[in-house]
Amino acid sequence: MKELELNELQNINGGFGPWTIVGIGAGIITLVGIIDGYVRPPACN
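Residues numbered from 1 in each chain as written. Predicted model: local features only at pLDDT ≥ 70, side-chain atom pairs only at ≥ 80, totals over all residues. Heavy atoms only, no water.

With that settled, the discussion passes to the overall build of the protein chain. Along the backbone of the protein chain there are 2 helices and 0 strands. For the protein chain, the C-alpha atoms occupy an extent of roughly 65 × 20 × 10 Å along the three principal directions. Expressed as a percentage of the 45 residues in the protein chain, the buried residues total 0%. Within the structure as shown, the protein chain displays about 4,700 Å² of accessible surface, and the carbon and sulfur contribution to it stands at 66%. (Helix = DSSP H or I, 4+ residues; strand = E, 2+ residues; numbered from the N terminus. Buried < 20%, exposed > 50% of the residue type's maximum accessible area, 1.4 Å probe, protein only. Areas by Shrake-Rupley, 256 points an atom, 1.4 Å probe, with all protein chains shown as cover.)

Under the defined criterion, the tally for this structure stands at 2 salt bridges. With a closest N to O distance of 3.5 Å, glutamate 8 and lysine 2 form a salt bridge. A residue is classified by how much of its surface remains accessible, and glutamate 8, at 29% relative accessible area, is partly exposed. Between arginine 40 and aspartate 36 there is a salt bridge; the shortest N-O distance is 3.1 Å. Given the relative accessible area of 34%, aspartate 36 is considered partly exposed. (Salt bridge = Lys/Arg side-chain N within 4 Å of Asp/Glu carboxyl O.)

Let's shift gears to a nonpolar patch on the surface. Judged by side-chain polarity, Phe16, Ile21, Ile24, Ile28 and Val32 come together as a nonpolar surface patch covering roughly 550 Å² of accessible area. On the secondary structure map, phenylalanine 16 appears in the loop between α1 (6-10) and α2 (18-39). (Patch = residues over 30% accessible without salt bridge, like charges linked within 9 Å, V, L, I, M, F, W, Y side chains within 5 Å.)

To continue, consider the environment of leucine 4. Relative to the helices and strands, leucine 4 resides in the segment before α1. Residue classification places leucine 4 among the partly exposed positions, given a relative accessible area of 41%. A C-alpha to C-alpha distance of 31 Å links leucine 4 and valine 22, two positions 18 residues apart in sequence. Sequence-distant contacts of leucine 4, defined by excluding residues within four places in its chain, comprise Leu9 and Ile12. (Contact = heavy atoms within 4.5 Å.)

So, in structure tokens, the structure goes:
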């Protein structure tokens, strides 16, 4: 196995970024809202 130099370690790309976490959170909130609207629909006044 090759040991990486410091500059090689700093140039590694990939993994989760901050926008990935925001996107997953937004998807979960949307899914919860859809399920909530289906299970407990708002009444028409």
